[in-house]
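Chain by chain, the residues run as shown.
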Amino acid sequence: GAGVSQTPSNKVTEKGKYVELRCDPISGHTALYWYRQSLGQGPEFLIYFQGTGAADDSGLPNDRFFAVRPEGSVSTLKIQRTERGDSAVYLCASSFVATGELFFGEGSRLTVL
Amino acid sequence: GNSVTQMEGPVTLSEEAFLTINCTYTATGYPSLFWYVQYPGEGLQLLLKATKADDKGSNKGFEATYRKETTSFHLEKGSVQVSDSAVYFCALPLIQGAQKLVFGQGTRLTINP
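Residues numbered from 1 in each chain as written. Chains lettered and ligands numbered in written order. Predicted model: local features only at pLDDT ≥ 70, side-chain atom pairs only at ≥ 80, totals over all residues. Heavy atoms only, no water.

Q: Is there a simple way to think about the sheet that holds strand E7 (residues 56-59) of chain B in this case?
A: The strands that make up a sheet pair up through hydrogen bonds in the backbone, lying either parallel or antiparallel. Residue and element names in this part refer to chain B. Spatially, E3-E9-E8-E7 is the arrangement adopted by the four strands of the open sheet, whose pairing is antiparallel. If you trace the sheet from one side to the other, it starts and ends with strand E3 (19-21) and E7, each paired once. Neighbour-to-neighbour, the strand axes of this sheet turn through a mean angle of 20°, independent of strand direction. Both E3 and strand E9 (residues 75-77) contribute to a ladder of three bridges, which runs antiparallel. Of the residues in E9, the one forming a bridge with Leu-19 is Lys-77. (Pairing = 2+ DSSP bridges. Helix = DSSP H or I, 4+ residues; strand = E, 2+ residues; numbered from the N terminus. Axes fitted to C-alpha atoms, helices over the stretch in contact; angles between N-to-C directions.)

Q: Even after reading the chapter, I still don't get the packing of aromatic side chains, so can you show me in this structure?
A: One pair of aromatic rings is described through two measures. These are the centre distance and the angle between the planes. On inspection of all chains with the given rule, the structure shows eleven aromatic pairs over all chains. Ring geometry for Tyr25(B) versus Tyr66(B): centroids 5.9 Å apart, planes at 85°, classification edge-to-face. Separated by 41 residues along the polypeptide, Tyr25(B) in strand E4 (residues 23-26) and Tyr66(B) in the loop between strand E8 (62-65) and E9 bring together distant segments of the chain. Residue classification places Tyr25(B) among the buried positions, given a relative accessible area of 6%. Look at Tyr66(B) and you get buried, because its relative accessible area is 0%. One aromatic cluster in this structure is built from Tyr35(A), Phe45(A), Phe104(A), Phe34(B), Tyr36(B), Phe89(B) and Phe103(B). Directly above the aromatic system of Tyr30(B) lies the positively charged group of Lys68(B), at a separation of 5.6 Å from the ring centroid. (Phe/Tyr/Trp six-rings, centres within 6.5 Å; stacked < 30°, edge-to-face > 60°. Buried < 20%, exposed > 50% of the residue type's maximum accessible area, 1.4 Å probe, protein only. Lys NZ or Arg CZ within 6 Å of the ring centre and 35° of its normal.)

Q: Would you mind showing me how to read the environment of Leu75(B) here?
A: Residues and elements named next belong to chain B. Mapped onto the fold, Leu-75 is located in strand E9. Put simply, Leu-75 and Ala-64 are eleven residues apart on the chain and 4.8 Å apart in space, counted from C-alpha to C-alpha. Excluding anything up to four places from it in sequence, Leu-75 contacts Leu-19, Thr-20, Ile-21, Trp-35, Leu-47, Leu-48, Phe-62, Glu-63, Ala-64 and Tyr-88. (Contact = heavy atoms within 4.5 Å.)

Q: It is not clear to me how the interface of chain B and chain A should be interpreted in this structure. Could you clarify?
A: Contact residues are listed per partner, giving 16 residues for chain B and 21 residues for chain A. The largest share of the area that chain B buries against chain A comes from Leu44(B), Gln99(B) and Lys100(B), three residues that together contribute 41% of it. The interface formed by chain B and chain A holds one salt bridge in total. Linking Asp56(A) and Lys100(B) is a salt bridge whose minimum nitrogen-to-oxygen distance equals 2.7 Å. For the pair chain B and chain A, the interface holds four residue pairs in polar contact (both at pLDDT 80 or more). Looking at the side of chain B that touches chain A, the elements with two or more residues in it are strand E5 (33-38), strand E6 (45-50) and strand E11 (101-103) of chain B. If you tally residues by element for the side of chain B that touches chain A, the top one is E5(B), at three residues. (Buried area = accessible area lost by both parts, 1.4 Å probe. Salt bridge = Lys/Arg side-chain N within 4 Å of Asp/Glu carboxyl O. Polar contact = N/O pair within 3.5 Å; in protein donor to acceptor, adjacent residues only side chain to side chain.)

Q: How should the state of the cysteines be read in this particular structure?
A: Put plainly, a disulfide is one covalent bond tying together the sulfur atoms of two cysteines. Going through the model one piece at a time under the given rule, you end up with two disulfides over all chains. Bridging Cys23(A) to Cys92(A), the disulfide has an S-S length of 1.9 Å. An S-S torsion of about -70° defines the bridge between Cys23(A) and Cys92(A) as left-handed. Here Cys23(A) is found in strand E3 (residues 19-24), whereas its partner Cys92(A) is found in strand E9 (residues 88-95), with 69 residues between them in sequence. By relative accessible area, which is 0% here, Cys23(A) ends up buried. Take Cys92(A): its relative accessible area is 0%, and that puts it in the buried class. Linked covalently through their sulfurs, Cys23(B) and Cys90(B) form a disulfide whose S-S length is 1.9 Å. Disulfide Cys23(B)-Cys90(B): torsion about the S-S bond near -65°, hence left-handed. Here the residue Cys23(B) occupies a position in strand E4, and Cys90(B) occupies one in strand E10 (residues 86-93), the gap between them amounting to 67 residues. (Disulfide = S-S within 2.5 Å.)

Read these as spatial facts, not as claims about activity.
Shown next as structure tokens:
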């Protein structure tokens, strides 16, 4: 596709369960970002990949959160032992390096009951 | 790190009214500044940017001028349309040269016909 694709668009899970959120960036974009957006707030940075490696994971809130990008394209954000406070919209973005223009997907809305 | 403070919303205007959404920032050096927009049901997209002091970014009739004296990057449009209804986010790099952006809380704009 032409844009950043995120799946699922909605995920409802129970407290304590494991969740995976997928991001398919724009073809050719080497940089990939995950952000989290809570209701009424702006996006908050989680992690940034340059190619296959996590160049900056300083925004991950704790060790329950992990993200991979094994082939330098698709990325998966993994959340273990989900908590109600993890409920938010998880946004993925991609870009060419150093332009500063991020192209965002529509997000995955996670609800933890 | 750098930070941004954005005008609280929501903002409701009539069609053809003049729009200003305030954004002020705190930063080391002179980072690029951005306005992103999120239309209903869509992902965030870049609206405009300015890369140095006194630059004016413009797009779709919107303008914002990078003012270092007042550390501001206010968004303006002379005559808004119903289709401008969206959430607007001011953003800048968290630290100089970094890829990750810090976003304001967003301003929800509703334009009535």
